[in-house]
Amino acid sequence: MSSDSPVLAVRAVSKKYRMVAPGSELKTLLLHPGAALHARRQRSNLWAVGDVSFEVGRGEFFSIIGANGSGKSTLLRLLAGLSRPTSGRIETNARMSTLLELGSGFHPQVSGRENAIMNGLLVGMSRAEIEGLLPRIVEFAGLQEFIDQPMRTYSSGMYVRLGFAIAAFMEPELLLVDEVLAVGDLRFQEKCYDHIAGLQKQGVTIVMVSHDLGAVERFSDRAALMERGRMIAIGDPKKVVGLHVERLASSSPEIRAALEEHIAGDQEGMDRLLAEDPEARAAFEAALELNPDFHRKLQEEAARGSERLG
Amino acid sequence: MNAASAHFRAPGARGFRKSSELLAALTSRELRLRYQGSLFGWAWSLVRPLALGLILSFALGKVLGTGITAEFLLAGLFPWFWFQSSVQAATGTFVGNGGLLKKVKFPRQVLPLSVVLGNTLQFLFALPVLGGFLLWHGHEPTRAWLALPLIFAMQFLLITGLAFFVASVTVFFRDLEHIVEVLLNLVFYATPIIYAADKVPDNYRWVIRLNPLAPLADGWRRILLDGEWPGSDLWFSGALTAVVLLVGWFTFRRLEDAFADVI
């Protein structure tokens, strides 16, 4: 493969889910066939991913952002080969490692060591390979004295650390990362990002789905924004994150109101508005920290508003 | 699909070795977890056939006076429980591992296979106990025992085919788990386990003929108790087993890509 051909090419990929219509279950079909057939005809399709195309080059750090339900995790599942696109093609020859919800394969009754070996076998390593890597994995995860304890005794942070360490040491050519780093403590998060950055330097291609807009800006070479299954922007991470924040704020009255409270200096009111929705909070904080333009714009708007009121 | 996990795409022997290492690890974990923390562990797998065999030999043999003996029942019950517990446990293997199927790309066939293998090993560990019981009752090994690997392999393939079918279809039709439970109860009586195959009246023979397990159950007994080779109807059962295996495997192949979407 020449160095300029993409490691991953996504061509017009779509994924359709059929919505379950109430009253179309088999039970109704048996008892009231007419009603059930009618319901079946009425059921709608949901295009979780619609006509998405992009390419990722070797050694590139590519991030996908978007609100909950925008289809970014579905897209990552399609990339990982866990689910098949309804139409379109995904082309890659890279050895892939996925960081999809770390530790999903762990069994609480067996030791960390055995889980690590099982996890390695599941993602396609041989027993010899994973046993060779195990000391480094254990050290990275900082689990030296716990590795032979059953995993039910682990904290959730320990789960994540072991899961990340396994995936990160697999020496992939293409690493898919989903939302996972939000779980660990901050120091470990930093360690993970450092490790990912190191992998990138070695030529590993990284595709990440994340709500952590700060990290997206800091690490990505390019970012893409998903909205209702479509990829509506792709390019410079700063611009894409800015667009995302702007669109979120204009679509969500909570965020807008919280921003206004913030400008009015009412910390309590702002916290109350954002308490329920961590995603809104992340977008809000990103809006404040990363996009002074946006901040200023809102202040101006607020000023205009108060002028009108006054 | 190009995006398949590259590690398992490794061609031929290497990919196969990795899959078999995974299968071995899953099987051994399954066996260890099953009896973890229980005092008698593996011995419990003997209790079910032994207890049922002894109580039935009392009820049928002594109370009803049919002359059915404990060794007659046990030679039928041990292979039966191998069949029954494998198929029943296989139904839930994909549904029960939904989290894994949604998150990790791996050869999905290892899930039902590990359950079948676990139960098969358990059966093999139990065989010496059955053998000891038979020796104690004066059934010496004969040359017919050479046929044991044949019916063992046939029953293993039959179980494997059924396991793939029920595990895959249960993902889309959860009621199957309960249907299988009921069907297994019926199959128990439609198989010559608590009666001899040749006692079945002629006009009901077709039930036995259509049941691929029947010649196997009859075969175990002929070999172990009578020192005879299995009957000729074994070949028909072999053909049915091949059909079950193919249907099971292709059903799995056809459905597996949608598992992650449905679970």
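Residues numbered from 1 in each chain as written. Chains lettered and ligands numbered in written order. Predicted model: local features only at pLDDT ≥ 70, side-chain atom pairs only at ≥ 80, totals over all residues.

Caption draft 1: Spatial organisation of the pairing of strand β1 (residues 8-18) of chain A. Residue and element names in this part refer to chain A. Bridging between β1 and strand β2 (residues 45-56) involves 8 bridges; their strand directions are antiparallel. Within β2, the residue paired with Ala9 across the bridge is Glu55. When β1 meets strand β4 (residues 87-92), the two strands line up antiparallel, connected through 5 bridges. Following the sheet pairing, Arg11 is matched in β4 by Arg89. (Pairing = 2+ DSSP bridges. Helix = DSSP H or I, 4+ residues; strand = E, 2+ residues; numbered from the N terminus.)

Caption draft 2: How the structure looks around the interface of chain A and chain B. With 30 residues of chain A at the interface, the matching set in chain B holds 26 residues. Every element with two or more residues in the side of chain A that touches chain B is listed here: α3 (72-79), β4, β5 (96-100) and α4 (112-122) of chain A. Ranked by residues supplied to the side of chain A that touches chain B, first place goes to α4 of chain A with 4 residues. Along the lines of polarity and charge, the residues of the side of chain A that touches chain B split into 15 nonpolar, 9 polar and 6 charged. (Contact = placed C-beta atoms within 7 Å. Nonpolar A, V, L, I, M, F, W, Y, C, P; charged D, E, K, R; others polar.)

Caption draft 3: How the structure looks around the confidence of the model for chain A. In this model, chain A carries a mean pLDDT of 79, and residues with pLDDT of at least 70 account for 74%. By mean pLDDT, helix α13 (residues 292-309) of chain A is the weakest element of chain A at 55, and strand β8 (residues 222-227) of chain A is the strongest at 93. (pLDDT = per-residue confidence, 0-100.)

Caption draft 4: Structural context of the sheet that holds β2 of chain A. All names here are of chain A. The strand order across the open sheet built from 3 strands is β2-β1-β4, with neighbouring strands paired in antiparallel fashion. On the outer flanks of this sheet lie β2 and β4, each paired with one strand and no other. Going from strand to strand, the sheet's axes swing by 20 degrees on average, the running direction of each strand aside. Its contacts with the sheet place α3 against β1, β2 and β4, and it is angled at close to 60 degrees to β2. (Axes fitted to C-alpha atoms, helices over the stretch in contact; angles between N-to-C directions.)

Caption draft 5: Inspection of the nonpolar core at higher detail. Among the nonpolar cores identified, the biggest contains 130 residues, and Leu79, Ala165, Leu176 and Ile206 of chain A together with Phe78, Ala163 and Val166 of chain B are the most heavily contacted of them. With 13 residues, the top contributor of residues to this core is helix α4 (residues 70-91) of chain B. Look past the residues within four positions of Ile206 of chain A in its chain and what remains in contact with it is Phe61, Phe62, Leu175, Val177, Ile196 and Gln200 of chain A. (Core = buried A, V, L, I, M, F, W, Y, C linked by C-beta atoms within 7 Å. Buried ≥ 20, exposed ≤ 12 C-beta atoms within 10 Å, placed from the backbone.)

Caption draft 6: Inspection of unusual backbone geometry at higher detail. Residue and element names in this part refer to chain A. Unusually for a residue other than glycine, Ala12 sits at a positive phi of about 50 degrees. Of note, Ala12 is situated in strand β1. A residue is classified by how many C-beta atoms lie within 10 Å of it, and Ala12, with 12 of them, is exposed. The phi torsion at Arg228 lies on the positive side, around 45 degrees, for a residue other than glycine. Here Arg228 lies in the loop between β8 and β9 (230-235).

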